[in-house]
Amino acid sequence: MAEQKITIRNGKLNVPNTPIIPFIEGDGTGPDIWAASVRVFDAAVAKAYNGERKLMWKEVLAGEKSFKQSGNWLPNETLEAFREYLVGIKGPLTTPVGGGIRSLNVALRQELDLYACLRPVRWFEGVPSPVKRPDLTDMVIFRENTEDIYAGIEYMNGTPQAQKMLEFLQDEMGVKKIRFPESSSFGIKPVSKEGTERLIRAAIQYALLHKKPSVTIVHKGNIMKFTEGAFKTWGYELAEREFGDKVYTWSQYDRTLAKQGQEVADAQQKAALDGGKLLIKDSIADAFLQQILLRPSEYSVVATLNLNGDYISDALAAIVGGIGIAPGANINYLTGHAIFEATHGTAPKYANQDKVNPGSVILSGAMMLEHLGWQEAADLIYKGIEAAIAAKRVTYDFERQMEGATLLKCSEFGDEVITRM
Ligand SMILES: NC(=O)C1=CN([C@@H]2O[C@H](COP(=O)(O)OP(=O)(O)OC[C@H]3O[C@@H](n4cnc5c(N)ncnc54)[C@H](OP(=O)(O)O)[C@@H]3O)[C@@H](O)[C@H]2O)C=CC1
Ligand SMILES: O=C(O)CCC(=O)C(=O)O
Ligand SMILES: [Mg+2]
């Protein structure tokens, strides 16, 4: 079968029957997970389309495998392949702590301007969870993926750059509140109006398309007023300006409350929501992290900045069974570029043991198939995963919390999904 490129025209993907899909295997547990996952993807597509469609995999290098081969952590050819073929998938890549290379995962998102990190969090029947009602958690995180503290603008204490930054802040900006100036390192947190608006727009469009009840803007705007606080303000303004006839915002509520009192504001909100409008609300990040445990059913689509989104992703994943089953996508809705990847990292202590749960990458692949419009293949994957879990044939992370479960290796779980799809 001749391989072909996915293209985009007027914002719509044109997907051939044999699309070229670049993939990065990943570091640590990445190779084990990829080996199990790719067999699931191929089996689902073959079964769904009787062999008429096929994903044409093209390996591209990044991370340790790439460095070993070429001395380059993220070769240009890899970036070019994701640019040219539009849609790809990747395993996790290691980022050293406190020094060394900056994150290759973040670099890919920034280089390709994949501004929305989309991470759906739902419970699969039978998955062990630390909460009583994991079924109440059904959220979709839209994490801003190109800005915030992740921009990597940092200066290490003791360097001339940190000294220059200190002098600039103290001498030119009149800053007096740096507690230990001589031993401080500095980090910069850029948050733009454009970056905020495109992320919030994507979250609202998603919520409208999927008939979700609300979008919650999560921020720490009480403390970081001009970055996180502006994210909230710009978000509400965009919602009212671009989606005024389809949404009702807490900002509107507050204005009515101030002018006409609570009774009128409550009635206005009720009428808007009864009329099918999408509620746009907000929550301060620390309070949100307790709300998701106490009142998860009140939250649906979540729009947030990069660091909050990172924390919230793992916290929410834990509620529905852990990061062994937490998929995701990095998307630019304007150019069509997308790279699918799990929420978890390389889990290096389990590397090459054929042990960890490939569920997150398998589900990321199902999201990719949905993105391509290959829903039938994605549905087979969901069916296979649900059935494998229901039969309690699972990897170590679930098995250790389930009674009467059979422990499977990473590869065996992949086989199990294939058998049951
Ligand atoms: N997008 C990416 O590529 C990401 C990369 N990273 C990078 O990964 C490296 C390791 O990060 P770390 O903080 O240890 O986080 P990890 O997500 O790699 O692992 C943390 C823990 O999560 C559990 N876990 C992770 N993956 C799986 C899986 N597939 N199945 C079941 N359980 C799993 C394990 O828990 P337990 O010990 O309980 O078994 C593991 O010890 C770092 O360099 C980090 O920067 C991190 C996140 C995302
Ligand atoms: O890039 C990394 O190493 C970590 C990224 C991460 O934790 C995430 O995107 O969720
Ligand atoms: Mg993370």
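Residues numbered from 1 in each chain as written. Chains lettered and ligands numbered in written order. Predicted model: local features only at pLDDT ≥ 70, side-chain atom pairs only at ≥ 80, totals over all residues. Heavy atoms only, no water.

In the nomenclature of an unreviewed UniProt entry, the protein chain corresponds to Isocitrate dehydrogenase [NADP] from the organism Hymenobacter fastidiosus. UniProt, in its Sequence similarities (unreviewed entry) section for the protein chain, records the words "Belongs to the isocitrate and isopropylmalate dehydrogenases family." Recorded under Subunit (unreviewed entry), the UniProt text for the protein chain is reproduced unchanged: "Homodimer." (UniProt positions renumbered as here; feature names shortened; annotations may be inferred.)

Describing the pattern of salt bridges
Within the structure shown, the criterion is met by 24 salt bridges. Close ionic contact of Glu 341 with Arg 109 constitutes a salt bridge, the shortest N to O distance being 2.6 Å. Of the two residues, Glu 341 is situated in strand β15 (residues 338-341) and Arg 109 in helix α4 (residues 104-111); the sequence distance between them amounts to 232 residues. Arg 109 carries the same exposure label as Glu 341, and that label is buried. Residues Asp 310 and Arg 143 are paired through a salt bridge, measuring 3.6 Å at the closest nitrogen-oxygen approach. With a gap of 167 residues between them, Asp 310 in helix α11 (residues 306-319) and Arg 143 in strand β7 (residues 138-144) connect regions that are remote in the sequence. (Salt bridge = Lys/Arg side-chain N within 4 Å of Asp/Glu carboxyl O. Helix = DSSP H or I, 4+ residues; strand = E, 2+ residues; numbered from the N terminus. Buried < 20%, exposed > 50% of the residue type's maximum accessible area, 1.4 Å probe, protein only.)

Some thoughts on the packing of helix α1 (residues 30-49) against helix α15 (residues 410-420)
Between α1 and α15, the least distance of the axes is 8 Å, while the angle of their chain directions is 10°. Our classification of the angle between α1 and α15 gives roughly parallel. Where α1 approaches α15, its residues Asp 32, Ile 33, Ala 36, Arg 39, Val 40 and Ala 43 are matched on the opposing element by Cys 410, Ser 411, Gly 414, Asp 415, Val 417 and Ile 418. Of the residues assigned to the contact of α1 with α15, the class counts are seven nonpolar, two polar and three charged. (Axes fitted to C-alpha atoms, helices over the stretch in contact; angles between N-to-C directions. Parallel < 35°, antiparallel > 145°, perpendicular 65-115°, else oblique. Contact = heavy atoms within 4.5 Å. Nonpolar A, V, L, I, M, F, W, Y, C, P; charged D, E, K, R; others polar.)

Quick word on the site of ligand 2
Around ligand 2, the neighbouring residues are Thr 95, Ser 103, Asn 105, Arg 109, Arg 119, Arg 143, Asp 310 and Thr 343. In the model, an oxygen atom of ligand 2 is placed 2.9 Å from a nitrogen or oxygen of the Asp 310 side chain. Grouping the constituent residues of the shell around ligand 2 by class yields no nonpolar, four polar and four charged. (Near = heavy atom within 4 Å. Polar contact = N/O pair within 3.5 Å; in protein donor to acceptor, adjacent residues only side chain to side chain.)

A word on the sheet that holds strand β6 (residues 116-122)
Taken together, the eleven strands give an open sheet; going across it, the order is β4-β3-β5-β15-β14-β6-β7-β13-β10-β12-β11, and neighbouring strands pair in mixed fashion. Pairing within the sheet leaves two strands with one partner each, and these edge strands are β4 (56-59) and β11 (247-249). The sheet shows a mean angle of 25° between the axes of neighbouring strands, taken without regard to direction. Against the sheet, helix α9 (residues 262-274) contacts β11 and β12 (278-284), and its axis sits at roughly 155° relative to β11. (Pairing = 2+ DSSP bridges.)

With respect to a negative patch on the surface
The grouping of Glu 167, Asp 171, Glu 172 and Glu 182 at the surface amounts to a negative patch. Here Glu 182 is to be found in the loop between α5 (160-172) and β9 (186-187). (Patch = residues over 30% accessible without salt bridge, like charges linked within 9 Å, V, L, I, M, F, W, Y side chains within 5 Å. Areas by Shrake-Rupley, 256 points an atom, 1.4 Å probe, with all protein chains shown as cover. Lys, Arg positive; Asp, Glu negative; His and termini not counted. Charge placed at Lys NZ, Arg CZ, Asp CG, Glu CD.)

Thoughts on the environment of Ser 283
Note on placement: Ser 283 falls in strand β12. With relative accessibility at 8%, the residue Ser 283 sits in the buried group. Sequence-wise, Ser 283 and Phe 243 are 40 residues apart; in three dimensions their C-alpha atoms are separated by 20 Å.

With respect to the side chain of Ser 103
For Ser 103, the position within the fold is in the loop between β5 (87-90) and α4. Only 2.9 Å separates the side chain of Ser 103 from the backbone nitrogen of Val 106, close enough to count as a polar contact.

Points about the site of ligand 1
Gly 345, Ala 347, Lys 349, Tyr 350 and Tyr 396 are the nearest of the 24 residues found near ligand 1. Here an oxygen atom of ligand 1 and a side-chain polar atom of Asn 105 are 2.9 Å apart. A distance of 2.6 Å separates an oxygen atom of ligand 1 from a polar atom in the side chain of Tyr 350. Coverage of ligand 1 by the protein chains reaches 71% of its 880 Å² of free accessible surface.

Observations regarding the packing of helix α10 (residues 285-294) against α11
One can describe the packing of α10 onto α11 by two numbers: an axis separation of 10 Å at closest approach and a directional angle of 15°. It follows that α10 is roughly parallel to α11 by the angle criterion. For α10 against α11, the interelement crossing comes out right-handed. Residues Ala 285, Phe 288, Leu 289, Ile 292 and Leu 293 of α10 touch α11, and the partners they reach there are Asn 308, Ile 312, Ala 315, Leu 316 and Ile 319. Looking at the contact of α10 with α11, its residues break down into nine nonpolar, one polar and no charged. (Left-handed = near helix turned anticlockwise from the far one by under 90°.)

A look at helix α12 (residues 359-372)
When the terminal C-alpha atoms of α12 are compared, their 20 Å separation across 14 residues agrees well with the 20 Å that a helix rising 1.5 Å per residue should span. Within α12, twelve of the 14 residues are buried, which leaves it mostly tucked inside the rest of the structure. Residues of α12 that are buried include every one of Gly 359, Ser 360, Val 361, Ile 362, Leu 363, Ser 364, Gly 365, Ala 366, Met 367, Met 368, Leu 369 and Leu 372, and no others. Following α12 by one or two positions, Gly 373 adopts a phi angle in the positive range, close to 90°. (Expected span 1.5 Å × (residues − 1).)

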